[in-house]
Amino acid sequence: MKGIKKGLCDSLPIAAGYLPIAFAFGVAAVQAGLSPWLATLVSGIVFAGGAQFVLISLLTAGGTVLTVALTVLLINTRHLLYGHPIVELLGKGKRSFSPFFLAFGMTDEVFATAVSRMEGIESKNREHWYVGLQIGAYLSWVAGTILGATIGSEVLARFPPLSDSLSFVLPAFFFSLLLSMKGRVLCSPTIAGALVTAGLLLYLSAAAAIPLGIVVGAFAGWWRRRGK
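The paragraphs below set out a description of the structure included in this document. Keep in mind that this is a model prediction, so the values were computed, not measured.

Each value, and the rule that gives it
- Residues numbered from 1 in each chain as written.
- Predicted model: local features only at pLDDT ≥ 70, side-chain atom pairs only at ≥ 80, totals over all residues.
- Heavy atoms only, no water.
- Core = buried A, V, L, I, M, F, W, Y, C linked by side-chain atoms within 4.5 Å.
- Buried < 20%, exposed > 50% of the residue type's maximum accessible area, 1.4 Å probe, protein only.
- Helix = DSSP H or I, 4+ residues; strand = E, 2+ residues; numbered from the N terminus.
- Contact = heavy atoms within 4.5 Å.
- Arc of directions from axis to C-beta.
- Axes fitted to C-alpha atoms, helices over the stretch in contact; angles between N-to-C directions.
- Parallel < 35°, antiparallel > 145°, perpendicular 65-115°, else oblique.
- Nonpolar A, V, L, I, M, F, W, Y, C, P; charged D, E, K, R; others polar.
- Patch = residues over 30% accessible without salt bridge, like charges linked within 9 Å, V, L, I, M, F, W, Y side chains within 5 Å.
- Areas by Shrake-Rupley, 256 points an atom, 1.4 Å probe, with all protein chains shown as cover.
- Salt bridge = Lys/Arg side-chain N within 4 Å of Asp/Glu carboxyl O.
- Phe/Tyr/Trp six-rings, centres within 6.5 Å; stacked < 30°, edge-to-face > 60°.
- Polar contact = N/O pair within 3.5 Å; in protein donor to acceptor, adjacent residues only side chain to side chain.

### Here we look at the nonpolar core
Turning to step 1, where the next piece is worked out: Formed by 23 residues in total, the largest nonpolar core has its most connected members in Ile86, Ala114, Met118, Trp129 and Tyr130.
Turning to step 2, where the next piece is worked out: Mapped onto this core, the elements with two or more residues apiece are helix 2 (12-31), helix 6 (83-90), helix 8 (108-117) and helix 9 (126-158).
Turning to step 3, where the next piece is worked out: The greatest single-element share of this core, amounting to 6 residues, is contributed by helix 9.
Turning to step 4, where the next piece is worked out: For Trp129, the contacting residues outside a window of four places in its chain are Gly3, Ile4, Lys6, Gly7, Asp10, Thr113, Ala114, Arg117, Met118 and Ile121.
Turning to step 5, where the next piece is worked out: In terms of nonpolar packing, the next biggest core, distinct from the first, is built from 13 residues, Phe25, Leu34, Leu55 and Val68 among them.

This is the structure:
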């Protein structure tokens, strides 16, 4: 329990970033025709951040269930690259939680926080700390969605400038997490991945550009380590 409590405390910065974005998702989902409970159900089951906005956009545009599912899966393929570093940090030994449970709560922000902080956690508490981190992030995302789906439209109607600022919160927060990882990640692979992604966005959708940029960055990191 000590590890879970510590993880919950360390998830507060993530929660601060998630609440406004989930709030915006709740508003967007209701405006797209979803009921508040269905919008909450999407966040509770999918829990995929930006991919949920894509999901809503595709549904609004008349996309089929198969198209929506494949697109969301493609956007989230980057998470496959996150698993190995997390497993290494957690260490070997018997797991208290199933791999499915550990994987479900992984997001970009949870991964970045785990990579930057997990080495400072005692080995025996790391798994519970990681679960606490995920729980805090998950609950804040669902809570933000509930607020957005129920009272969001009224709040934004009273404070119009708030609508424009919501879209910038998550990118700014993730960039701050990247800066906090300075010294733990290689600079050149990060730059390579960012440049390739930015270039591909001129010709491809984000769903295709982001995974390809990640692959390039990962390859650049492997190549650099190989040369040492």
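### What about helix 4 (residues 50-60)?
Turning to step 1, where the next piece is worked out: For helix 4, every residue scored as buried is listed here: Ala51, Gln52, Leu55 and Ile56. The buried residues of helix 4 occupy an angular sector of 145° when projected down its axis, which confines them to one face.
Turning to step 2, where the next piece is worked out: Where the residues of helix 4 are buried, they touch helix 2, helix 3 (36-45), helix 5 (65-75) and helix 9.
Turning to step 3, where the next piece is worked out: After helix 4 finishes, the residue Gly62 shows a positive phi value of roughly 90°.

### Here we look at the packing of helix 6 against helix 9
Helix packing for two helices is described by the angle between their axes and how far apart those axes are.
Turning to step 1, where the next piece is worked out: With their axes 9 Å apart at the nearest point, helix 6 and helix 9 run at an angle of 135° to one another. When the interaxial angle is binned, helix 6 and helix 9 end up oblique. Together, Ile86, Leu89 and Leu90 of helix 6 and Arg126, Glu127 and Tyr130 of helix 9 make up the contact between the two elements.
Turning to step 2, where the next piece is worked out: Tallied by class, residues from the contact of helix 6 with helix 9 come to 4 nonpolar, no polar and 2 charged.

### So, a nonpolar patch on the surface
Turning to step 1, where the next piece is worked out: On the surface, Leu8, Phe101, Ile135 and Leu139 cluster together to form a nonpolar patch covering roughly 310 Å² of accessible area.
Turning to step 2, where the next piece is worked out: Mapped onto the elements of the fold, Ile135 is located in helix 9.

### Brief notes about the packing of aromatic side chains
Turning to step 1, where the next piece is worked out: One pass over the full model with this rule turns up 7 aromatic pairs.
Turning to step 2, where the next piece is worked out: Ring plane angle 80° and centroid distance 5.6 Å describe the contact between Phe25 and Phe53, whose orientation is recorded as edge-to-face. Taken as a pair, Phe25 in helix 2 and Phe53 in helix 4 lie far apart in primary sequence, 28 residues in all.
Turning to step 3, where the next piece is worked out: Classification of Phe53 by relative accessible area gives partly exposed; the value is 27%.
Turning to step 4, where the next piece is worked out: With a centroid separation of 4.2 Å and an interplanar angle of 10°, the aromatic rings of Tyr82 and Phe111 are classed as stacked. Separated by 29 residues along the polypeptide, Tyr82 in the loop between helix 5 and helix 6 and Phe111 in helix 8 bring together distant segments of the chain. Across this residue pair, the class does not change: Tyr82 and Phe111 are buried.

### Some details on the side chain of Gln52
Turning to step 1, where the next piece is worked out: On the secondary structure map, Gln52 appears in helix 4.
Turning to step 2, where the next piece is worked out: At 3.0 Å, the side chain of Gln52 and the side chain of Ser43 are in polar contact.
Turning to step 3, where the next piece is worked out: Reaching out from Gln52, the side chain makes a polar contact with the backbone nitrogen of Ala48 at a distance of 3.0 Å.
Turning to step 4, where the next piece is worked out: Among all residues touching Gln52, those that are not within four sequence positions of it are Phe25, Val42, Ser43, Val46, Phe47 and Trp141.

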